[in-house]
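Below are the chains, spelled out letter by letter.
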Amino acid sequence: MFDTEMASSTDSSAAVDEEVRRLYERYQAADSDEERHVIALEMGKLDGRRHAEIYAALEDE
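The model shown is predicted, which means the values in this text are computed figures rather than measured ones. (Residues numbered from 1 in each chain as written. Predicted model: local features only at pLDDT ≥ 70, side-chain atom pairs only at ≥ 80, totals over all residues. Heavy atoms only, no water.)

Asks: I tried to follow the overall build of the protein chain on my own but got confused; where do I start?
Replies: Each helix and strand in the protein chain was counted, giving 2 helices and 0 strands. For the protein chain, the computed accessible surface area is about 5100 Å², with 55% contributed by carbon and sulfur atoms. (Helix = DSSP H or I, 4+ residues; strand = E, 2+ residues; numbered from the N terminus. Areas by Shrake-Rupley, 256 points an atom, 1.4 Å probe, with all protein chains shown as cover.)

Written out as structure tokens, the structure reads:
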């Protein structure tokens, strides 16, 4: 049971890490402060989801 949870957690983390990488690349390539602001808001939403997943996993322990 524990191994299955770890695998799904790792898979989820890898997907989030990939999304973070893509957002960071978009941020670096942005042409304007407005575009960077929009991307930063997306990063914040992603970070919020990541924290929600962590807290949910802790509640399940």
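Asks: Hey, could you run me through a nonpolar patch on the surface in this one?
Replies: A cluster of nonpolar side chains, namely Ile54, Tyr55 and Leu58, defines an oily patch on the protein surface of about 320 Å² accessible area. Checked against the element boundaries, tyrosine 55 lands in helix 2 (residues 33-60). On the basis of relative accessibility, which here comes to 54%, the residue tyrosine 55 falls in the exposed class. (Patch = residues over 30% accessible without salt bridge, like charges linked within 9 Å, V, L, I, M, F, W, Y side chains within 5 Å. Salt bridge = Lys/Arg side-chain N within 4 Å of Asp/Glu carboxyl O. Buried < 20%, exposed > 50% of the residue type's maximum accessible area, 1.4 Å probe, protein only.)

Asks: Help me understand the confidence of the model for the protein chain, please; the structure alone is not making it clear to me.
Replies: Do not read the fine detail of predicted coordinates wherever pLDDT is low. Model confidence for the protein chain is summarised by a mean pLDDT of 81, while 80% of its residues fall at 70 or above. Overall, residues 1-7 carries pLDDT values under 50, and its contacts beyond four positions in sequence, including any with other chains, amount to 0 contacts. (pLDDT = per-residue confidence, 0-100. Contact = heavy atoms within 4.5 Å.)

Asks: How should I be thinking about the pattern of salt bridges in this particular structure?
Replies: Any two side chains of opposite charge can pair, so long as their charged atoms come close to each other. Tallying each qualifying case throughout the model produces 7 salt bridges. For aspartate 17, the salt bridge identified is with arginine 50, shortest N-O distance 2.6 Å. Taken together, the residues span a long stretch of sequence, with aspartate 17 in helix 1 (residues 2-29) and arginine 50 in helix 2 at a distance of 33 residues. Residue arginine 50 is classed as partly exposed on the basis of its relative accessible area, which comes to 30%. One salt bridge in this structure joins arginine 21 and glutamate 25, with 2.6 Å as the shortest N-O distance. Placement of both arginine 21 and glutamate 25 in helix 1 is noted, with a separation of 4 residues, approximately one turn of the helix. Via salt bridges that share partners, Glu18, Arg21, Arg22 and Glu25 belong to a single interconnected network.

Asks: For this particular structure, what's the right way to read the nonpolar core?
Replies: Soluble globular proteins tend to bury their nonpolar side chains together. If you look at the biggest cluster of nonpolar residues, it comprises 5 residues: Val16, Leu23, Ala30, Ile39 and Leu46. If we ignore the near neighbours within four places in the chain, the residues touching leucine 23 are Ile39, Glu42, Met43 and Leu46. (Core = buried A, V, L, I, M, F, W, Y, C linked by side-chain atoms within 4.5 Å.)

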